[in-house]
Amino acid sequence: MQGQMQGQGQWQGQWQGQQAPGMPAQSVPFHYDPQAVQNMPPPPSYDMALAESLQQHQQQGQGQPAVAGGAPALSVIVLPPNYFDISLIPKRHQCPVRSTVHTNTKGSGAIESYDSKLDYNSDELWKYFMSYLDKPQLYMDVHGWHTETRTKEITESDGSKRTETREETVSDFRLKINMARYTADQWSRIVCIPESGNAPKTLRETIEDYTHSSNILKEIHMIKQPLWDFQGVTKAVEYCVRATGFPNKITIAFPTTNNKVSAFSSHPLSRMAQSCWTWCLLAVTCLWIIFLPLFYIVRKKVKTTIVSEYPVLISGPDFYTRNYYMIQGHVLSRSFTTVDAL
């Protein structure tokens with residue numbers, strides 16, 4: 001506790017513009033040294049980290065720490081067994097006969113297709129999904145920040161002056177941890193999750209809901225979701241950061257790329273409806289007031305979410321223990337970088 005309080009004083013002195021010993025005023029390069037870590041005492045236990053993090057939130061009246069944006073929103077662990085389609089356990093990673101439909105890759109790595117072969121052919125749509133089941137790219141994004149009040153003097157056209165005040169977010173450090181080495185290369189199962197009030201369906205039935213529809217704006221999506229104890233790891237990493245004495249805000253998110261495969265109708269209006277240029281034009285001309293409600297009424301979105309699971313192959317306690325001092329080193333160095341998980 002004494003070391004933690006000392007660290008907290010260093011952080012607070014730094015934000016007040018004082019150069020505290022051992023605490024950089026700006027981000028400095030940090031190099032993880034495994035040999036040096038071997039001489040360090042073992043980190044506090046994972047259970048202790050969870051308990052301390054929860055206690056801190058309760059003392060602050062915040063309840064349980066939440067996982068920020070990017071973490072999987074679908075809790076597939078607690079769903080009853082009839083939500084699962086376990087008839088297609090993979091023998092190997094790739095589909096034996098890969099789909100040849102035309103696809104587009106978006107900036108986030110998401111795959112989408114408007115190929116007419118997928119409109120009414122269930123086997124081709126199944127093969128399309130099976131062909132793009134390479135694992136998603138998972139990151140842990142640990143962001144320390146605080147807000148500062150900025151004032152600005154503005155001169156009006158008549159010569160009068162007024163002061164404008166605004167709150168501005170200032171980043172103290174930002175560490176992104178690449179979890180690729182621990183994300184399973186092969187999916188473990190496919191989960192079909194119906195919307196509230198709809199009966200559960202298998203993967204085949206869900207695909208046929210799409211191919212049997214003649215709607216010109218129909219669409220179907222498959223989400224590739226890493227499976228991990230995100231809540232527990234979030235609490236443990238937050239404790240790890242707090243142990244350095246860092247007093248400001250902490251946001252921990254799990255952004256994922258290459259995590260979506262979509263099929264849309266091949267009708268020209270379908271492609272136009274998904275184009276950002278179309279919606280920009282509608283916004284400029286104010287025609288979105290007419291076309292936006294019409295779009296949501298006409299389009300046909302399959303009412304079952306297809307999720308393929310990819311287990312994270314390291315437990316929360318092992319990740320916490322292996323990366324504890326690495327995370328702390330980057331926090332104390334005020335790093336803004338991306339590293340691989342240890």
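Each remark here, short or long, concerns the structure printed above.
What this report covers is the structure whose coordinates are included nearby. (Residues numbered from 1 in each chain as written. Predicted model: local features only at pLDDT ≥ 70, side-chain atom pairs only at ≥ 80, totals over all residues. Heavy atoms only, no water.)

1. Focus: the packing of aromatic side chains
Tallied over the full model, the rule gives 11 aromatic pairs. Taking the centre distance of 5.2 Å and the plane angle of 75 degrees together, the rings of F173 and F246 count as edge-to-face. With F173 in strand β5 (residues 161–178) and F246 in the loop between α7 (230–242) and β8 (249–253), this pair connects stretches of sequence that are 73 residues apart. With relative accessibility at 1%, the residue F173 sits in the buried group. Classification of F246 as buried rests on a relative accessible area of 2%. Measuring from centroid to centroid gives 6.0 Å for W228 and F230, while their planes differ by 85 degrees, and the two rings are edge-to-face. Of the residues examined, W228 reaches a relative accessible area of 11% and is grouped as buried. Through pairs of rings, three or more aromatic residues link up here, namely Y46, Y320, Y324 and Y325. The ring of Y210 has K218 sitting right over it, with the charged end atom 4.5 Å from the ring centre. (Phe/Tyr/Trp six-rings, centres within 6.5 Å; stacked < 30°, edge-to-face > 60°. Helix = DSSP H or I, 4+ residues; strand = E, 2+ residues; numbered from the N terminus. Buried < 20%, exposed > 50% of the residue type's maximum accessible area, 1.4 Å probe, protein only. Lys NZ or Arg CZ within 6 Å of the ring centre and 35° of its normal.)

2. Some points on the pattern of salt bridges
Per the stated rule, a full pass over the model turns up 13 salt bridges. Between R174 and D141 there is a salt bridge whose closest N-O contact spans 2.7 Å. Highlighted residues: R174 in strand β5 and D141 in strand β4 (residues 137–155), separated in sequence by 33 residues. Ionic pairing is found between R162 and E156, a salt bridge with its closest N-O pair at 2.3 Å. Accessibility expressed as a relative area gives 39% for R162, which makes it partly exposed. Connected through shared salt-bridge partners, E148, R150, R166 and E168 make up one network. (Salt bridge = Lys/Arg side-chain N within 4 Å of Asp/Glu carboxyl O.)

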